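Residues per chain, in single letters:
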Amino acid sequence: MLSFRLFKVQCNWPGQTPSGDSQPAQACIEDDILPYQVIRRDLTETSRKCDFCPQYLTSLKAYILKDLETGLLYYSGPTCAKNKAGEGAISGIPDLTKFTLSTKDREGSCSTGGQRGNGEDNQEKKAIEYLMLRENKLVNELKCSYSVLKEYYEKLNSQGLSRSDIQHINNISAKAPDNLSPLTLQKIYNYLFWIDVGIEKLPSEKTAFLVGVRKTIISKGRITEKQKTSINKWLEHINGVPQLK
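What counts and what doesn't
- Residues numbered from 1 in each chain as written.
- Predicted model: local features only at pLDDT ≥ 70, side-chain atom pairs only at ≥ 80, totals over all residues.
- Heavy atoms only, no water.
- pLDDT = per-residue confidence, 0-100.
- Contact = heavy atoms within 4.5 Å.
- Buried < 20%, exposed > 50% of the residue type's maximum accessible area, 1.4 Å probe, protein only.
- Helix = DSSP H or I, 4+ residues; strand = E, 2+ residues; numbered from the N terminus.
- Pairing = 2+ DSSP bridges.
- Core = buried A, V, L, I, M, F, W, Y, C linked by side-chain atoms within 4.5 Å.

This brings us to the confidence of the model for the protein. As a note on interpretation, predicted positions should not be read in detail where pLDDT is low. Averaged over the protein, the pLDDT score is 84; the fraction of residues at 70 or greater is 79%. Low pLDDT, under 50, characterises residues 1-33; the predicted model gives this stretch 75 contacts beyond four residues in sequence or across chains. Counting interchain partners and residues more than four positions distant, the pLDDT-below-50 stretch residues 104-118 has 47 contacts.

Shown next, in the form of structure tokens:
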């Protein structure tokens, strides 16, 4: 499993208090031990703030931290992620942002730059990315769940994967058809995420193209070069939405 470190902090996080009431984020106070683990790098909008500091996640990519005591997930930039989970915690983690381009002028002090780790040589990273895409992120849109992978995904969340599990998952992904290959799923996830953001930001009378191309991507299970060019032409005029690879 990925490494983590313990820190003594007690925070009032944005969201809900233990009683269920909503409240704003407040400063951390040293008290109880709350262990965190960085579980993935994922997409986020510019309107989202880091859950550990007041900075906006303007690079559009966030580190997702899991509180190992409560199971709650938190969005963070690289500095806060390393402060909460350890200096090497953001290296070699599953990355679901591979087809989203970052722009330097959008990065703030809590941006999500940082080490990329061992890249594609990290077999555990590759296996977890594939599980997350097929059994979580795209399962409803693409109907891509597979019983064997679903069992592995449940095991990942309950106890972690063994070396043989990781090898089996990567063997499945290597033999998957083109529409279920790791790169295709990564690309579709990134495109659907930002298409949805674009649809939400645009007036309803200007969403027809994005709504239509979204339906086509889901039905065909792929993105053509022509679609990529057309989608980027639309997205470049929407504030807070990046260009896609």
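Right, picking up where we left off after that structure.
Within strand β5 (residues 36-43), eight of the eight residues are buried, which leaves the element mostly enclosed by the surrounding structure. When β5 meets strand β6 (residues 61-67), the two strands line up antiparallel, connected through seven bridges. Along β6, the bridge assignment pairs Gln37 with Lys66.

What follows covers the nonpolar core. In terms of nonpolar packing, the biggest core is built from 40 residues, with Leu131, Leu138, Leu161, Ile169, Trp194, Ile217 and Leu235 touching the most fellow members. Mapped onto this core, the elements with two or more residues apiece are α2 (123-137), α4 (147-158), α5 (163-175), α6 (182-201), α7 (208-220) and α8 (225-235). If you tally residues by element for this core, the top one is α6, at eight residues. If we skip the residues at most four places from it in the chain, Trp194 touches Leu43, Thr44, Glu45, Leu60, Thr100, Leu235, Gly240, Val241, Pro242 and Leu244. Counting residues in hydrophobic clusters, the runner-up holds 18 residues, among them Cys50, Phe52, Tyr63 and Cys80.

Our focus in this paragraph is the pairing of β6. Of all seven residues in β6, six are buried, a share of seventy percent or more. Of the pairings in the sheet, the one linking β6 to strand β7 (residues 73-76) comprises four bridges and is antiparallel in character. Across the sheet, residue Leu65 finds its bridge partner in β7, namely Tyr74. If you look at the hairpin formed by β6 and β7, you'll find five residues sitting between the two strands, and Gly71 has a positive phi there, around 80 degrees.

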